[in-house]
Amino acid sequence: MILITLSGGLQDAYTYLIRDHVFANAQTGNIVLLMVSLFDGNFQKAGSYLIPILSFALGIAAAHTLSMKWKCRLLSWRQFIILLEFLLLIAVGFIPLSLSQYANALVSFSCAMQVQSFRRFHGRAYASTMCIGNLRSGMESLSIYCNTKNKEAIIDALHYFGVILTFGIGAGIGGVLSSACGVQAIWASPLLLIIAFIVMKETGNSAKHSQMAG
């Protein structure tokens, strides 16, 4: 959770700071900016926001379809998503600024697959690429605790606030790297993802060994 959430924050900071002030994850922001541009008559600018929105939608559909049709026994479909994200984000680092629309499309597609594939953490619904749902759930859990003193509720709240903090740290790292490295700053994200893949692989192997031992 920590690794992919750091990656999600980094990606959003990268596309906003480096790739024409477009959000990779926050499609609500892109929709607002799209409609403002349309009403201003700036259709070229509107197109730059429409592309990531459509790419995000396609990424959701692709991840969902993959989850239904996946049959490979060597990897889980979620592990495959991580590897595909890794390859897409490596490619983004080679795309020049003049072609940022294509870069934003790939990053948004990647983010959508991630948010569709990793939606629960320790039984709690959460998002690794955006904060509004986590903030709502965190404050709801905190409110429950304040009114009922239910210890499980405060644990839930701390989990959600931890996710938000992790995302924010990822965004901060993305900002620093974007200033220092330019278009190649995105390569920090696939590095985090490949570590997450290794962790998932090792965890899966440990679970299999435990089942065999049992």
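The structure contained in this document is the topic of the report that follows. Counting of residues starts from 1 at the beginning of each chain's written sequence and follows it residue by residue. pLDDT decides what is reported in this predicted model: residues at 70 or higher carry local features, side-chain atom pairs at 80 or more are listed and counted, and totals for whole chains, interfaces and linings draw on all residues regardless. Processing note: side-chain calculations cover all non-hydrogen atoms of the structure and skip hydrogens and water entirely.

### Here's the deal with the pattern of salt bridges
- Salt bridges, as used here, are contacts in which a Lys or Arg side-chain nitrogen is within 4 Å of a carboxyl oxygen on Asp or Glu. As enumerated under the stated definition, the model contains 1 salt bridge in all.
- The salt bridge involving Arg136 is made with Glu140; its shortest N-O contact spans 3.5 Å. With Arg136 and Glu140 both in helix α6 (residues 132–148) and 4 residues apart, this pair spans about one turn of that helix.
- For Arg136, a relative accessible area of 48% corresponds to the partly exposed category. Segments assigned H or I by DSSP are reported as helices when at least four residues long, segments assigned E as strands when at least two residues long, and all are numbered from the N terminus. Exposure categories follow from relative accessible area, calculated using a 1.4 Å probe and restricted to protein chains: below 20% of the type maximum is buried, above 50% is exposed, and the middle band is partly exposed.

### Quick notes on unusual backbone geometry
- Here Asp20, not a glycine, exhibits a phi torsion of approximately 65 degrees, which is positive.
- For Asp20, a relative accessible area of 38% corresponds to the partly exposed category.
- Even without being a glycine, Lys149 presents a positive backbone phi close to 60 degrees.
- In this structure, Lys149 sits in the loop between α6 and α7 (151–181).
- We classify Lys149 as exposed; its relative accessible area is 54%.

### Here we look at the packing of aromatic side chains
- Only Phe, Tyr and Trp rings take part, Trp by its six-membered ring, and two of them pair if their centres are within 6.5 Å. Stacked means planes under 30 degrees apart, edge-to-face means over 60, and tilted covers everything else. This structure, assessed with the given rule, holds 3 aromatic pairs.
- Between Trp70 and Phe80, the aromatic rings sit 4.9 Å apart at their centres with planes inclined by 35 degrees, giving tilted as the arrangement. Of the two residues, Trp70 sits in the loop between α3 (43–69) and α4 (77–92) while Phe80 sits in helix α4, which places them 10 residues apart along the sequence.
- Among the residues examined, Trp70 registers a relative accessible area of 23% and is labelled partly exposed.
- Whether a charge sits over a ring comes down to the Lys NZ or Arg CZ being within 6 Å of the ring centre and within 35 degrees of the ring normal. Taking NZ or CZ as reference, Lys149 lies 5.4 Å from the ring centre of Tyr145, over its face.

### Looking at the side chain of Ser7
- For Ser7, the position within the fold is in helix α1 (residues 2–18).
- Under the relative-accessibility criterion, Ser7 is labelled buried at 0%.
- With near-sequence residues (within four places) excluded, Ser7 lies in contact with Gln114, Ser189, Leu192 and Leu193. Residue contacts follow a heavy-atom distance rule, with two residues in contact if any of their heavy atoms lie within 4.5 Å.

### A word on the packing of α1 against helix α5 (residues 100–117)
- Throughout, an axis means a line fitted to C-alpha atoms (over the contacting stretch in the case of helices), and angles, computed between N-to-C directions, take values from 0 to 180 degrees. Across the interface, α1 lies against α5 with an axial gap of 11 Å and an inter-helix angle of 160 degrees. It follows from the interaxial angle that α1 and α5 lie roughly antiparallel. The hand of the α1/α5 crossing is left-handed. Taking contact as the criterion, the partners of Ile4, Ser7, Gly8, Gln11, Thr15 and Ile18 in α1 are, on α5, Ser100, Asn104, Val107, Ser110, Cys111 and Gln114.
- Under this grouping Gly is polar, as are all residues other than the nonpolar Ala, Val, Leu, Ile, Met, Phe, Trp, Tyr, Cys and Pro and the charged Asp, Glu, Lys and Arg. Partitioned by chemical class, the residues of the contact of α1 with α5 number 4 nonpolar, 8 polar and no charged. When an angle is under 35 degrees it counts as roughly parallel; over 145 it counts as roughly antiparallel; between 65 and 115 it counts as roughly perpendicular; any other value is oblique. A crossing counts as left-handed when the near helix is turned anticlockwise from the far one by less than a right angle, and as right-handed when that turn is clockwise.

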